[in-house]
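Here are the chains, one letter per residue:
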Amino acid sequence: MSLLDAPIWHDPGTWIVLGVSLLFIIVGLVMHRVIRKVLRAPQANESKH
């Protein structure tokens, strides 16, 4: 019995959990890139009070 023949790989719940985890990783990377881009953007001229 190899690792890929284990019963856990035939359970739909395993694939759901792996898919949701991958989705969170991708969303986190995209958010990281967007936040970095926003923080590195030049500041707009603020009006003086």
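Residues numbered from 1 in each chain as written. Predicted model: local features only at pLDDT ≥ 70, side-chain atom pairs only at ≥ 80, totals over all residues. Heavy atoms only, no water.

The next thing to look at is the overall build of the protein. Counting secondary structure elements, the protein contains one helix and zero strands. For the protein, buried positions account for 4% of its 49 residues. (Helix = DSSP H or I, 4+ residues; strand = E, 2+ residues; numbered from the N terminus. Buried < 20%, exposed > 50% of the residue type's maximum accessible area, 1.4 Å probe, protein only.)

In the structure shown here, the tally under the stated rule is one aromatic pair. Each ring, one from Trp9 and one from Trp15, has its centre 5.7 Å from the other, and the planes form 45°; the classification is tilted. Take Trp9: its relative accessible area is 31%, and that puts it in the partly exposed class. (Phe/Tyr/Trp six-rings, centres within 6.5 Å; stacked < 30°, edge-to-face > 60°.)

Time to look at the side chain of Thr14. Mapping Thr14 onto the fold places it in helix 1 (residues 12-40). Here Ile8 takes part through its backbone oxygen, which lies 2.7 Å from a polar atom of the side chain of Thr14. Other than its neighbours up to four places away in sequence, Thr14 contacts Ile8 and Trp9. (Polar contact = N/O pair within 3.5 Å; in protein donor to acceptor, adjacent residues only side chain to side chain. Contact = heavy atoms within 4.5 Å.)

A cluster of basic residues, Arg33, Arg36, Lys37 and Arg40, forms a positive patch at the surface. Mapping Arg33 onto the fold places it in helix 1. (Patch = residues over 30% accessible without salt bridge, like charges linked within 9 Å, V, L, I, M, F, W, Y side chains within 5 Å. Areas by Shrake-Rupley, 256 points an atom, 1.4 Å probe, with all protein chains shown as cover. Salt bridge = Lys/Arg side-chain N within 4 Å of Asp/Glu carboxyl O. Lys, Arg positive; Asp, Glu negative; His and termini not counted. Charge placed at Lys NZ, Arg CZ, Asp CG, Glu CD.)

These results come straight from atomic positions and should not be treated as a statement about function.
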